[in-house]
Amino acid sequence: MEHVLLATFIGTSAYMFIESYEFQAAGGMFPRFTSAIVIVLGLLLVFRAYLPAPLQRVVTDEDAMFDVDELVEEADVEVDTQADEANETDTSDEDSPAAAEAGSSPAETEEPASEPVIVSRGSFITGGLCIAYLLASYIIGMLWATPLFVIAYTVWSGQRWYAIVGLAILSFVLAFLFYDVLNLDIASGWIHDWLVQEVL
Amino acid sequence: MSFAVFVEAIGVVLSWPVAFWLLAGMLIGIIVGSLPGLGASLGMAILLPLTLALDGISAIILLISIYSGAMYGGSISAILVNAPGTSAAAATTFDGYPMSRQGQAVTALSLSATSSALAGFLTVAVLIIASPVLITVVRWFGSPEYFLIAILGLAMITIVAQGAMVKGLIAGFFGLSLTTIGSAPMTADVRYTFGQFALFDGVSFVAALIGLFAIAEMLKLAGERGGISRGEVRMGGDVLPAVKSVLNHPVTLLKSAFIGMGIGAIPGAGSTVSNFVAYTEAVRSADDSSTFGKGNEVGVIASEASNNGTIGGSVVPAIAFGIPGSAATAVLIGGLIMHGLVPGPELFDADANLVVTYSVFIALLLGNIVILLVGLGLVTRAGYLTRIDTKYIIPMIIALAFLGAFALRSGNWFDVVTIVALGIMGYYMKRYNYSIIAFVLGVVLGSIAEENLYRSVVLSRRVDFPIDLPISIFFVRPLSLLLLVGIVAIILGPIIRPYLDR
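What you see is a predicted model; the values in this text were computed from it and never measured.

## Overview of the overall build of chain B
Item 1. The helix and strand inventory of chain B stands at 20 helices and 2 strands.
Item 2. Computed over its C-alpha atoms, the radius of gyration of chain B comes to 23 Å, within 12% of the 23 Å expected for a compact globule of 502 residues.
Item 3. Counting only C-alpha atoms, chain B reaches 70 × 55 × 50 Å along its principal axes.
Item 4. A burial count over chain B gives 68% of its 502 residues as buried.
Item 5. Contacts spanning at least 24 positions in sequence make up 77% of the contacts within chain B whose residues lie at least 6 apart.
Item 6. Carbon and sulfur atoms provide 65% of the accessible area of chain B, an area that totals close to 16,400 Å².
Item 7. Between the mean site of the 24 positive side-chain charges and the mean site of the 25 negative ones, chain B shows a separation of 9 Å.

What follows is the structure, given as structure tokens:
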């Protein structure tokens, strides 16, 4: 997918660069400057495998001034080392149930109630539902599409029926507040306009 | 003059309804901060469209209070369920969670509230004391310098944050490119609109922020499992001994707070970095370092003092130069611009908006008192927050994002398309290590950078320079030249360094 991302950057910028010559000199200067840089950098990334070694290293080097992973590791190692030293010299702590329970390093603590497990399918379906929500909002109006989206998401994520109903009602109330308080035209969509103009 | 403005700002922050928004922001911040997967930037981005109904000062104080509250809130789930609500509280899990398992959850939460509040208070107090110097420095900057500092900020973010520098730069410049859609700021050109009237005003940076921080985050969260407490959390321990413990460790508190402040001021570094640096330093310098990772109170103090200390540091480049120190300050800059408050000299001019800047500082100062009161007062109830399933939150946040985006310009469908498109793009950018903060910086600062570049080109015509260059002004002003050298050094540094090492 990274190539799709790069193609989006380069394609959009190429169009912007060419089109910038249609504007007045002052109006075209900035988009030409930014899009030219995006094109050059994008091409460097696309052809990174074929670049000379020094340039390739610069393009692909992901070292950061502050590498968070490295910092986490460093903090973990500090804690582990000190804990090991303590275990060697003093075992009395292990007799305490609380200490035994918390004795392992944080990284090793079992039962991480919240350890995230990557499930890309969830992201993919949520993205699809967002696009469907956008289309439904345009066709029938956001006021009605909002609870439908919430129902679709909660049903897919396997929530209990009362959670589904509760969240759907809450989302409708939320959408209604936008409609009523902010006077947003979200109660009707394209289908309503089509019915009024073509059918009725 | 500045002192009179400072006194005026105190009156503003304590007046109705500003004080209400300060309190509301802190509470919202604590809640969004405590829910794993959400956090300050998302909370701020999602509420950004709703602040349109507020006056500028109320809106900015609401946003900055969410930021401050979320920094503390992140520790609640870190301590109770070993899942930091924000990455800024990640190191708090090391000792906070073991304390919780030893039946000392109330003590750990009280340590967190006290150290967060005191560190936040001290760093903001220093910021206020140092503000006259800051005002003087900001006044040295003109249009050429502001254009160059935007580029310098982008370059710095790309070397400070994770991911290849080239990826960071491409993200930042693509963000800048997107802002060229619509009417040009200095000419009559209407650019890249395909004749669509909805595009004449360009890409709304608020919609971009919502897409990048709300939709992209929700897509990421939907791909993860967990984040809530599966069982009862035993709320044992005492409040007062914890407060005393913080006061008994003034060196750790001060050191961690100012590590946070210093790192917070570096564009792109943020509170996650300061959190681990401060924690590691606390372990390194402790006499009883063997107890770290087993529920050492000093570990919680160091971690929590550093992340709230970061706030004071990160607002400086944000307000003074429009360069975000973190994702949350990027949204704050968006909020400032949305309410007509452009980061830079205007926010430091006693006759213009200095009162807003001081109000932000004072709100941060008072916000720490709220953290202390809420943190210590409701500490035994904090467990409720960890029982909210993120699967309930995702559809509601997405719905709010859609409704908020549609409300931005009273029913512009292009804004809704923007949040979906940039949400999906942001998700993949994160996945492949393209800097989101650099992208946001580009989107937020694009039009300001373009205006400053245009003015610099106009000013260059009046400059006596041996070569006919449209940007000769950059070479004749000492500060511009210094910034230019800085940009070149940052970009070429990684290329030249191996040769210098040899």
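## Brief notes about the overall build of chain A
Item 1. Looking only at helices and strands, chain A features 9 helices and 0 strands.
Item 2. Across the 200 residues in chain A, those meeting the buried criterion constitute 36%.
Item 3. A separation threshold of at least 6 residues defines the contact pool for chain A, and within that pool the share at least 24 residues apart is 51%.
Item 4. When the accessible surface of chain A is split by element, carbon and sulfur atoms take 63% of a total near 11,400 Å².

## A look at helix H2 (residues 25-46) of chain A
Item 1. Look at H2 of chain A: 31 Å from first C-alpha to last across 22 residues, which is about the 32 Å you get at 1.5 Å a residue.
Item 2. Where H2 of chain A is concerned, the buried positions are Gly27, Gly28, Phe30, Pro31, Thr34, Ser35, Val38, Ile39, Leu41, Gly42 and Leu45 of chain A.

## Considerations on the pattern of salt bridges
Item 1. Following the criterion strictly, the structure yields 9 salt bridges over all chains and no others.
Item 2. Arginine 284 of chain B is the salt-bridge partner of glutamate 281 of chain B, the closest N and O atoms lying 2.8 Å from each other. Residue glutamate 281 of chain B and its partner arginine 284 of chain B are located together in helix H12 (residues 270-285), separated by 3 residues, close to a single helical turn.
Item 3. Judged by its relative accessible area of 18%, glutamate 281 of chain B is buried.
Item 4. On the basis of relative accessibility, which here comes to 54%, the residue arginine 284 of chain B falls in the exposed class.
Item 5. Linked through salt bridges whose partners overlap, the residues forming this network are Glu2 and Arg48 of chain A together with Lys167 of chain B.

## Comments concerning the confidence of the model for chain A
All names here are of chain A.
Item 1. Counting all residues, the mean pLDDT for chain A is 79, and 71% of those residues have values of 70 or more.
Item 2. Least confident of the elements in chain A is helix H5 (residues 97-102), whose mean pLDDT is 34; most confident is helix H7 (residues 142-156), at 96.
Item 3. Contacts of residues 89-119 to residues separated by more than four positions or lying in other chains number 42 contacts, the stretch itself having pLDDT below 50.

## Observations regarding the nonpolar core
Item 1. Core analysis: the largest hydrophobic core is formed by 204 residues, its most contacted members being Phe9 of chain A together with Phe402 and Phe439 of chain B.
Item 2. Counting residues per element, this core draws most heavily on helix H4 (residues 56-81) of chain B, at 16 residues.
Item 3. Ignoring any residue separated from it by four or fewer positions in sequence, one finds phenylalanine 439 of chain B in contact with Ala171, Gly172, Phe174, Gly175, Leu178, Leu212, Leu422, Met425 and Met429 of chain B.
Item 4. Among the nonpolar cores identified, the runner-up in size contains 11 residues, and Ala91, Phe94, Ala286 and Ala302 of chain B belong to it.

## Remarks on the environment of isoleucine 448 of chain B
Residue and element names in this part refer to chain B.
Item 1. Mapping isoleucine 448 onto the fold places it in helix H18 (residues 436-460).
Item 2. In this structure, the C-alpha to C-alpha distance between isoleucine 448 and tyrosine 358, residues 90 residues apart in sequence, is 23 Å.
Item 3. Those residues in contact with isoleucine 448 that sit more than four places away from it in its chain are Ile337 and Val342.

## Focus on the packing of aromatic side chains
Item 1. Taken as a whole and judged by the stated rule, the model has 34 aromatic pairs over all chains.
Item 2. Measuring from ring centre to ring centre gives 6.2 Å for phenylalanine 33 of chain A and phenylalanine 147 of chain B, while their planes differ by 50 degrees; the resulting arrangement is tilted. On the criterion of chain membership, the pair formed by phenylalanine 33 of chain A in helix H2 and phenylalanine 147 of chain B in helix H7 (residues 143-160) is interchain, its members lying in two chains.
Item 3. Phenylalanine 33 of chain A sits in the partly exposed class, given a relative accessible area of 32%.
Item 4. Taken together, a centroid distance of 4.7 Å and an interplanar angle of 55 degrees make the contact between phenylalanine 406 of chain B and tryptophan 413 of chain B tilted.
Item 5. For tryptophan 413 of chain B, a relative accessible area of 26% corresponds to the partly exposed category.
Item 6. Joined through ring pairs, the aromatic side chains of Phe30 and Phe33 of chain A together with Phe147, Phe173 and Phe474 of chain B make up one cluster.

## What to know about the packing of helix H6 (residues 120-140) of chain A against H7 of chain A
Residue and element names in this part refer to chain A.
Item 1. Close contact between H6 and H7 brings their axes to 8 Å; oriented N to C, the two are set at 160 degrees. Between H6 and H7, the crossing angle belongs to the class labelled roughly antiparallel. Note that H6 runs across H7; the crossing there is right-handed. Where H6 abuts H7, its residues Arg121, Gly122, Ile125, Thr126, Leu129, Cys130, Tyr133, Ala136, Ser137 and Ile140 lie against Met142, Trp144, Ala145, Thr146, Leu148, Phe149, Ala152, Tyr153 and Trp156.
Item 2. Taken together, the residues of the contact of H6 with H7 sort by class into 14 nonpolar, 4 polar and 1 charged.

## Looking at the confidence of the model for chain B
Residues and elements named next belong to chain B.
Item 1. Per-residue confidence for chain B gives a mean pLDDT of 86; residues scoring 70 or more make up 96%.
Item 2. The secondary structure element of chain B with the lowest average pLDDT is H7, at 81, and the one with the highest is helix H17 (residues 413-431), at 93.
Item 3. In the model output, the complex is listed with pTM 0.79 alongside ipTM 0.78.

## Describing the environment of phenylalanine 475 of chain B
Residue and element names in this part refer to chain B.
Item 1. Considering the arrangement of structural elements, one finds phenylalanine 475 in helix H19 (residues 473-476).
Item 2. By relative accessible area, phenylalanine 475 is classed as partly exposed at 32%.
Item 3. Between the C-alpha atom of phenylalanine 475 and that of proline 144, which follows or precedes it by 331 residues, the distance is 9.9 Å.
Item 4. Each residue touching phenylalanine 475, except ones within four places of it in the same chain, is listed here: Phe465, Leu469, Leu481 and Leu484.

## A word on a nonpolar patch on the surface
All names here are of chain A.
Item 1. On the surface, Ile131, Leu135, Tyr138, Ile139, Trp190, Ile191, Trp194, Leu195, Val196, Val199 and Leu200 cluster together to form a nonpolar patch covering roughly 1,100 Å² of accessible area.
Item 2. Top element by residues in the nonpolar patch is helix H9 (residues 190-199). It accounts for 6 residues.
Item 3. In this fold, valine 196 is placed in helix H9.
Item 4. Using a relative accessible area of 43% as the deciding quantity, one classes valine 196 as partly exposed.

## What to know about the packing of helix H2 (residues 18-34) of chain B against H4 of chain B
Item 1. In the contact formed by H2 of chain B and H4 of chain B, the axes pass within 5 Å of each other and the chain directions differ by 35 degrees. Handedness of the crossing formed by H2 of chain B with H4 of chain B: right-handed.

## Here we look at unusual backbone geometry
In terms of backbone geometry, most residues other than glycine have negative phi values and most peptide bonds are trans.
Residues and elements named next belong to chain B.
Item 1. Here the residue pair tryptophan 16 and proline 17 is connected by a cis peptide bond, since its omega of 5 degrees sits within 30 degrees of zero.
Item 2. Mapped onto the fold, proline 17 is located in the loop between helix H1 (2-14) and H2.
Item 3. Even without being a glycine, phenylalanine 194 presents a positive backbone phi close to 55 degrees.
Item 4. Counting through the fold element by element, phenylalanine 194 comes out in the loop between strand E2 (190-191) and helix H9 (205-222).
Item 5. For phenylalanine 194, a relative accessible area of 61% translates into the label exposed.
Item 6. Notably, asparagine 433 is not glycine yet its phi reads approximately 65 degrees, a positive angle.
Item 7. Looking at the secondary structure, you find asparagine 433 in the loop between H17 and H18.

Basis of the calculations
Position numbers for residues count from 1 along each chain, tracking the sequence in the order it is written. Lettering for chains starts from A, numbering for ligands starts from 1, and both go in the order in which the items are written. Reporting in this predicted model follows two pLDDT cut-offs: at least 70 for local features of residues, and 80 or more for side-chain atom pairs to be given and counted; totals over whole chains, interfaces and linings ignore these cut-offs and use all residues. Only hydrogens and water are removed before side-chain values are computed, so all heavy atoms of the structure are retained for them. Note on conventions: DSSP H or I runs of at least 4 residues are helices, E runs of at least 2 residues are strands, and numbering of each starts at the N terminus. For a compact globule the rule gives 2.2 Å times the number of residues to the power 0.38, and the radius of gyration it is set against comes from C-alpha atoms. Buried means the residue's accessible area, taken with a 1.4 Å probe over protein chains only, is under 20% of the maximum for its type, while exposed means over 50%, and partly exposed covers the values in between. Residue contacts are counted whenever heavy atoms from the two residues lie within 4.5 Å of one another. Where accessible areas are quoted, they stem from the Shrake-Rupley method and a 1.4 Å probe; at the residue level, only the protein chains shown are allowed to cover. Note on charges: Lys and Arg go in the positive column, Asp and Glu in the negative column, and His and the chain ends are not counted at all. Here the site of a charge means NZ on Lys, CZ on Arg, CG on Asp, or CD on Glu. A helix is expected to span 1.5 Å multiplied by its residue count minus one. Salt bridges, as used here, are contacts in which a Lys or Arg side-chain nitrogen is within 4 Å of a carboxyl oxygen on Asp or Glu. Across the chain, each position has a pLDDT score giving the predictor's confidence in that residue, from 0 to 100. The set of buried Ala, Val, Leu, Ile, Met, Phe, Trp, Tyr and Cys residues whose side-chain atoms join them within 4.5 Å is what this entry labels a nonpolar core. Pairs were defined over the aromatic rings of Phe, Tyr and Trp, the Trp ring being its six-membered one, requiring ring centres within 6.5 Å. Orientation was assigned from the angle between planes: stacked under 30 degrees, edge-to-face over 60, tilted for the rest. Here the axes come from fitting lines to C-alpha atoms, over the contacting stretch only for helices, and the angles between their N-to-C directions go from 0 to 180 degrees. Roughly parallel refers to an angle under 35 degrees, roughly antiparallel to one over 145, roughly perpendicular to one between 65 and 115, and oblique to any angle outside these ranges. It is the rotation of the near helix from the far one that decides the hand of a crossing: anticlockwise by less than a right angle makes it left-handed, clockwise makes it right-handed. The nonpolar class holds Ala, Val, Leu, Ile, Met, Phe, Trp, Tyr, Cys and Pro. Asp, Glu, Lys and Arg form the charged class, and all remaining residues, Gly among them, are polar. Exposure above 30% relative accessible area and the lack of any salt bridge qualify a residue for a patch; like charges then connect within 9 Å, and the nonpolar side chains Val, Leu, Ile, Met, Phe, Trp and Tyr within 5 Å.

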